[in-house]
Structure formats: C-alpha cells, structure tokens
Amino acid sequence: MSITPENTWASVSAIRDQAPLIHNITNYVVMNSTANALLALGASPVMAHAQEEVEDMVNIASALVINIGTLSAPWVEAMGSAARKAAGRGIPLVLDPVGAGATAYRTQTVRKLMDTVSPTIIRGNASEILALATSEKGETKGVDATESSQNAIEAAHWLNERYGSTVCISGETDFIVGDQVVIGIGNGHPLMTRVTGLGCTASALCGAFAAVNSSFPLAAAQAMAVMGIAGEMAAEISPGPGSLQLHFLDFLYRLTKDDLARRLRISAGAG
Ligand SMILES: Nc1ncnc2c1ncn2[C@@H]1O[C@H](COP(=O)(O)OP(=O)(O)OP(=O)(O)O)[C@@H](O)[C@H]1O
Ligand SMILES: Cc1ncsc1CCO
Ligand SMILES: [Mg+2]
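Residues numbered from 1 in each chain as written. Chains lettered and ligands numbered in written order. Predicted model: local features only at pLDDT ≥ 70, side-chain atom pairs only at ≥ 80, totals over all residues. Heavy atoms only, no water.

Structural notes on the pairing of strand β1 (residues 21-25)
This is how it is decided: For every residue, the accessible area obtained with a 1.4 Å probe (protein chains only) is divided by the maximum for its type, and the residue is called buried under 20%, exposed over 50%, and partly exposed between those limits. Runs of H or I in DSSP of at least four residues are treated as helices and runs of E of at least two as strands, each being numbered from the N terminus. Note: two strands are recorded as paired if DSSP finds a minimum of 2 bridges between them.
Along β1, five of the five residues are buried, which leaves the element largely enclosed by surrounding structure. Of the two faces of β1, the one carrying Leu-21, His-23 and Ile-25 and the one carrying Ile-22 and Asn-24 are both buried. As defined by bridge partners, β1 adjoins strand β2 (residues 44-47) across four bridges and the pair is classed as parallel. The residue bridging Leu-21 from the neighbouring strand is Ser-44, located in β2.

So, in structure tokens, the structure goes:
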C-alpha cells in the first residue's frame with residue numbers, strides 16, 4: 001500500500017467523475033473556503049449542522065466531515081447524531097479536532113465523540129493529535145501547532161490502536177498513521193500556515209478521497225499530497241497569503257497527472 005502518482009491520479013479522477021457529496025459540519029471561519037476547495041477538486045460540498053436535518057443529509061452523503069472549530073452545545077448534539085448515522089450507513093467519517101488541548105470543552109467534546117463513533121480518519125496538527133492522546137492538559141496554544149508532526153507519531157499510533165482510525169498529522173511533513181503503516185508526505189509550503197483553515201481544507205479533502213478510496217491510509221495520504229502539491233505550486237507564484245488562497249484553488253482545479261508525477265514527495269523518517 002504505497003502512494004504513487006498513478007493511484008493518486010486515479011482517486012482525483014474518480015472524485016472528478018463521481019462528484020461525491022461531502023457533508024461538512026464545520027466552523028464559521030472556513031465554511032466558504034472548504035466548500036470552494038471541495039468544488040475545485042471536483043467533489044460536491046454541503047454544509048449542514050441543524051439537528052433537524054443532519055441525519056437526512058448523512059443519508060445522501062458519501063462522506064461526513066466533522067470539524068469542532070467553533071463549537072456550541074446544539075452543534076455538539078448534531079455532531080453526535082450525524083456521526084452515529086454515518087457509522088450506521090458505513091460511510092467514512094473524518095474528524096478535525098481543531099484546538100483540542102486549548103480548552104477543556106474542545107478536548108472533552110472530541111473525546112466523547114470518538115468514544116461514541118470511531119472516526120475513519122482523524123486529521124489534526126501535531127499539537128491537536130498530542131492533546132487527544134494525552135490525559136493531562138495538552139500544550140495546544142489556540143488552533144495552530146506548536147509541535148512538529150514527527151513528535152506526534154507515537155500519539156497517532158496510540159489513537160490508531162485505540163479507535164482503529166487512520167491518523168493524519170499535518171505539518172512540514174504530513175504523517176499518515178494506519179494499521180502497520182506510516183506514510184510521510186513532504187509536499188507543501190510554509191506560507192500555507194499563513195492562510196486560515198488550510199488544515200480544515202485538508203480534512204475536507206480527506207473526506208473526498210475516502211469517499212472514492214476505501215483504503216483509508218492511502219486516501220488520506222493522497223489528500224495530503226494533493227493539498228501540498230497545489231499549495232506549493234500556489235506559493236511559488238504568490239507574494240503573500242491573499243494570493244496563495246486564490247492560486248491554491250486554481251491549482252487544485254487545474255491539477256494534472258503530470259503535476260503529481262513531477263512533484264509527489266514521499267518522505268522518509270516516518271519510523
Ligand atoms: N512548515 C510547513 N511546510 C510545508 N507545508 C506545511 C507546513 N505547515 C503546514 N503545511 C501544510 O499546510 C496545510 C495545513 O496544515 P496545518 O498543519 O497548518 O493545519 P492546521 O494547523 O490544522 O491549520 P488550520 O487550523 O488553520 O486549519 C497542510 O496541507 C500541511 O501539509
Ligand atoms: C482560527 C479558527 N478559530 C476557530 S476555527 C479556526 C479556523 C482554523 O482552524
Ligand atoms: Mg486545524
């Protein structure tokens with residue numbers, strides 16, 4: 001199970017052909033940007049968080065993405081209902097534990113959610129992944145990482161064993177930890193951290209790839225490779241974060257098999 005430009009292109013093509021419906025319960029900050037990224041990739045996004053409709057929406061979706069970025073009690077209830085429905089239907093569930101470790105409410109909510117339904121993929125930055133696997137108060141400061149992704153690999157293994165989830169740690173190198181497998185993706189650009197919500201976008205793309213590829217560690221790795229490649233291509237022609245955001249969408253939309261073949265960077269040091 002190794003990631004190649006060919007199998008990544010096969011997943012991109014499947015997304016473009018099938019336009020899978022990706023149901024997102026996500027935060028106020030990134031609703032627009034993640035919907036646009038899913039559209040640029042070729043998927044079909046919908047944002048829905050009302051308790052009254054989340055189960056019906058999961059019923060017609062190909063994947064569910066839950067992001068705890070801007071929580072409140074009614075949303076937490078809706079997240080639980082949606083996650084249970086997704087598990088019942090057997091569609092992939094991606095969890096983005098935004099800011100886990102920063103407040104007790106976030107950490108407790110996300111732990112309760114994981115104990116209710118095992119996520120298919122957990123995608124967070126290193127601080128968030130560490131916080132989920134630590135019993136004491138984690139070291140997260142706000143929503144951005146203060147740790148390198150390499151430092152969270154052990155925590156990712158622990159989460160994988162406990163919940164059966166594929167765990168994806170984003171950062172300079174993205175690490176994807178599954179059963180008996182660690183994949184490192186070296187694509188991306190530091191300027192990506194200066195645009196809010198590109199991590200949330202990565203989680204949404206994990207949903208799209210998991211909708212068309214049931215080998216979930218591979219799907220997550222492909223999503224992170226495509227994120228990183230579109231991000232670095234955008235960064236190369238962007239003087240700052242504003243234009244990066246626009247060019248990122250354009251490169252996602254225009255991504256070719258040749259871009260993948262020339263740029264995919266599988267990283268060692270995943271042990
Ligand atoms: N130092 C870096 N060099 C290259 N790429 C990076 C770097 N840091 C992050 N990235 C890339 O940026 C994207 C977002 O990852 P990041 O770890 O910043 O997520 P995050 O902290 O959850 O972000 P947010 O909470 O704002 O959504 C990923 O595709 C990741 O590979
Ligand atoms: C900045 C921010 N605050 C809550 S969610 C979010 C988007 C990035 O995670
Ligand atoms: Mg994040």
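A short note on the site of ligand 1
Quick note on the threshold: Definition of nearness: a residue and a molecule or strand are near each other if at least one heavy atom of the residue lies within 4 Å of the molecule or strand. Polar contacts here mean pairs of N or O atoms no more than 3.5 Å apart (in protein, one a potential hydrogen donor and the other a potential acceptor; neighbouring residues in sequence count only if both atoms are side-chain atoms). To be clear on the numbers: accessible area is Shrake-Rupley with a 1.4 Å probe, and residue cover counts the displayed protein chains and nothing else. In this count, Pro and Cys sit with the nonpolar residues alongside Ala, Val, Leu, Ile, Met, Phe, Trp and Tyr, while Asp, Glu, Lys and Arg are called charged and the others, Gly among them, polar.
Around ligand 1 sit 18 residues in total, of which Asn-125, Ser-170, Asp-174, Gly-199 and Cys-200 are the nearest. Between ligand 1 and Gly-199, the relevant distance is 2.9 Å, taken from an oxygen atom to a main-chain nitrogen or oxygen of the residue. Between an oxygen atom of ligand 1 and a main-chain N or O atom of Cys-200, the distance comes to 2.9 Å. Contact with the protein chains hides 90% of the accessible area of ligand 1, taken as 630 Å² for the molecule alone. Elements that contribute at least two residues to the shell around ligand 1 include exactly β5 (121-125), α8 (198-212) and α9 (216-236). The greatest single-element share of the shell around ligand 1, amounting to three residues, is contributed by α8. Residues belonging to the shell around ligand 1 are distributed by class as follows: seven nonpolar, eight polar and three charged.

So, the pairing of β5
Quick note on the threshold: Seen with its strands pointing away from the viewer, a crossover is right-handed if its path from the first strand over the helix to the second goes clockwise.
The element β5 is largely enclosed, with a buried count of five among its five residues. What you see with β5 is no split at all: Ile-121, Arg-123 and Asn-125 on one side and Ile-122 and Gly-124 on the other are buried throughout. Note: strand β4 (residues 93-96) against β5, two bridges, orientation parallel. The residue bridging Val-94 from the neighbouring strand is Ile-121, located in β5. Taken together, β4, helix α5 (residues 104-116) and β5 constitute a β-α-β crossover, and its handedness is right-handed. Across five bridges, β5 lies against strand β6 (residues 166-170) in parallel orientation. Each bridged residue has a counterpart across the sheet, and for Ile-121 the counterpart in β6 is Thr-166.

Things to note about the UniProt feature "binding site: ATP" (unreviewed entry) in the chain
Basically, it comes down to this: UniProt positions are given in the numbering used here, feature names are shortened, and annotations may be inferred rather than shown by experiment. Residue contacts are defined here by distance: any two heavy atoms, one from each residue, within 4.5 Å place the two residues in contact.
The UniProt entry lists Arg-123 and Ser-170 under the feature "binding site: ATP" (unreviewed entry), expressed in the numbering used here. For the annotated residues, spread through 48 residues, the largest C-alpha to C-alpha distance comes to 7.3 Å, consistent with a single compact locus. Note that Arg-123 resides in strand β5. Classification of Arg-123 by relative accessible area gives buried; the value is 3%. Setting aside residues up to four positions removed in sequence, Arg-123 forms contacts with Leu-95, Asp-96, Pro-97, Cys-168, Ser-170, Gly-199, Cys-200, Ala-202, Ser-203, Cys-206 and Met-224. Here the side chain of Arg-123 touches Ser-170 through a polar contact of 2.7 Å, side chain to side chain. With respect to the helices and strands, the residue Ser-170 is situated in strand β6. Setting aside chain neighbours within four positions, we find Ser-170 in contact with Arg-123, Gly-124, Asn-125, Ala-126, Ser-149 and Met-224.

As for the sheet that holds strand β9 (residues 266-267)
Ordered by their spatial adjacency, nine strands build an open sheet running β2-β1-β3-β4-β5-β6-β7-β8-β9, and the pairing between neighbours is mixed. The outermost strands of the open sheet, each flanked by one partner alone, are β2 and β9.

With respect to the side chain of Asn-24
With respect to the helices, strands and loops of the structure, Asn-24 is situated in strand β1. On the basis of relative accessibility, which here comes to 2%, the residue Asn-24 falls in the buried class. Filtering out sequence-adjacent residues up to four positions away, Asn-24 remains in contact with Leu-38, Pro-45, Val-46, Met-47, Ala-48, Val-65 and Ala-204.

A look at the site of ligand 2
Contacts to ligand 2 come from Asn-27, Val-29, Val-30, Gly-69, Val-98, Val-143, Thr-196, Gly-197 and Cys-200. Notes on ligand 2: free accessible area 280 Å², of which the protein chains cover 76%. When grouped by side-chain class, the residues that make up the shell around ligand 2 number five nonpolar, four polar and no charged.

Overview of a negative patch on the surface
To be explicit about the condition: Patch membership needs two things, relative accessible area over 30% and no salt bridge, and members are linked within 9 Å if like-charged or within 5 Å if nonpolar (Val, Leu, Ile, Met, Phe, Trp, Tyr). Every case where a carboxyl oxygen of Asp or Glu lies within 4 Å of a side-chain nitrogen of Lys or Arg is listed as a salt bridge. The charge count includes Lys and Arg as positive and Asp and Glu as negative, but it does not include His or the ends of the chains. Note on charges: their place is set at NZ of Lys, CZ of Arg, CG of Asp or CD of Glu.
The grouping of Glu-52, Glu-53, Glu-55, Asp-56 and Glu-77 at the surface amounts to a negative patch. Among the elements that line the negative patch, the one with the most residues is helix α3 (residues 51-60), at four residues. Inspection of the secondary structure puts Glu-77 in helix α4 (residues 73-89).

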